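Tertiary structure, described
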Amino acid sequence: MSLISQVFGDEIFDPFLSMMNKCPVLNTPTDWKETPEEHVFISDLPGLKKEEVKVEVDDGRILQISGDRKVDEKDDKNDKWHRVERWRGNFLRRFRLPENAKADEVKASMENGLLIVTVPKQQVKKPEKKVVVIEAK
């Protein structure tokens, strides 16, 4: 008998899947790209509807994507699961927006489990140089 079956029983245990289901970064894969006009965040959320996902900007600089994947209500208490690989439960991803992000103009759309959040960019003024006159003493 292997150590894994001694600890976890005879059921098949996959440590990677267990870690993936507990880790919000792994269970909500998100790409972030920057174009000349905007920042674009693309999250894979298969099986979720837009009503189950929340997109917020916190403190004007933190983009937050969250939601909850419910356990299937059709499951019977007598059902025996042999493998569970799809993640369930709450998820939360946070991204610090750069200084050039127009946080008040964030837009989001969702289709076929793909969430796309766009954050327009603004021109950031570079600090002007100021010449300081040196006084004689």
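Worth saying up front: this structure is predicted, and the values here are computed from it rather than measured. (Residues numbered from 1 in each chain as written. Predicted model: local features only at pLDDT ≥ 70, side-chain atom pairs only at ≥ 80, totals over all residues. Heavy atoms only, no water.)

On to the sheet that holds strand β3 (residues 53-58), then. Read across the sheet, three strands follow the order β3-β4-β5 without closing on themselves; strand pairing throughout is antiparallel. Because the sheet does not close on itself, it has two edges, and the strands there are β3 and β5 (89-96). Ignoring strand direction, the axes of neighbouring strands in this sheet form an average angle of 15 degrees. Summarising the sheet, β3 and strand β4 (residues 62-69) pair through six bridges and their orientation is antiparallel. Bridged to V53 within β4 is G67. (Pairing = 2+ DSSP bridges. Helix = DSSP H or I, 4+ residues; strand = E, 2+ residues; numbered from the N terminus. Axes fitted to C-alpha atoms, helices over the stretch in contact; angles between N-to-C directions.)

A residue-level look at the protein finds 77% of positions with pLDDT of 70 or above and a mean pLDDT of 82. The least confident element of the protein, judged by mean pLDDT, is helix α1 (residues 3-8) at 48; the most confident is strand β7 (residues 114-120) at 97. (pLDDT = per-residue confidence, 0-100.)

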